[in-house]
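What follows is each chain in one-letter form.
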Amino acid sequence: MLVVAHLTDIHIRFDGDPILQRADQIGAALSSHSADASHLVILLTGDIAFSGLESEYGLALELLRKVEGRIRRDFSGELSFVACPGNHDCDFSGPQ
């Protein structure tokens, strides 16, 4: 069985963003719905970052690694992350 989870518009801006404190809860929720699955796909659809800055993506990567770590406590199947950028995922601060 395939389980697909959809995360969108998380708009990570700085290390105090509340979403960054919820990795364990997100991972636990996904684990609980994946007990009979052979594959879990997490879709990140748009606006992962707030303004497309490298620092925002570093925080996003840290969040996703923590989510993955929590999922791996209970889930041994295949796990994939698929990302599709949104308008906030572009850094428009420099010359275009």
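In case you missed it, the structure is sitting above this.
These numbers were taken from a predicted model, which means no experiment stands behind them. (Residues numbered from 1 in each chain as written. Predicted model: local features only at pLDDT ≥ 70, side-chain atom pairs only at ≥ 80, totals over all residues. Heavy atoms only, no water.)

Asks: I'd like to hear about unusual backbone geometry, residue by residue, with values.
Replies: Positive phi outside glycine occurs at Asp 9, with the angle close to 55 degrees. As for its position among the elements, Asp 9 is in the loop between β1 (2-7) and α1 (23-32). (Helix = DSSP H or I, 4+ residues; strand = E, 2+ residues; numbered from the N terminus.)

Asks: Before we move on, can you summarise the pairing of β1 with the specific residues and values?
Replies: Here β1 pairs with strand β2 (residues 39-45) via six bridges, running parallel. Opposite His 6, over in β2, you have Leu 43 as the bridge partner. For the handedness criterion, the β-α-β arrangement of β1, α1 and β2 is classed as right-handed. (Pairing = 2+ DSSP bridges. Right-handed = clockwise from strand over helix to strand, strands pointing away.)

Asks: Describe the sheet that holds β1, and please don't skip the residues or the numbers.
Replies: Pairing in this open sheet of three strands is parallel, and the strands run β1-β2-β3 from one edge to the other. Among the strands making up the open sheet, the edge pair consists of β1 and β3 (78-84). Geometrically, the sheet is characterised by an average inter-axis angle of 20 degrees between neighbouring strands, direction not taken into account. Of the strands in this sheet, β2 and β3 are in contact with helix α2 (residues 54-72), which crosses β3 at around 155 degrees. (Axes fitted to C-alpha atoms, helices over the stretch in contact; angles between N-to-C directions. Contact = heavy atoms within 4.5 Å.)

Asks: If you had to explain the environment of Leu 43 to someone new, which residues and values would you point to?
Replies: Locating Leu 43 in the fold gives a position in strand β2. Judged by relative accessible area, Leu 43 falls into the partly exposed class, the value being 26%. Taking the C-alpha atoms as reference points, Leu 43 and Asp 91, separated by 48 residues in sequence, lie 21 Å from one another. Setting aside chain neighbours within four positions, we find Leu 43 in contact with Val 4, Ala 5, His 6, Leu 7 and Val 82. (Buried < 20%, exposed > 50% of the residue type's maximum accessible area, 1.4 Å probe, protein only.)

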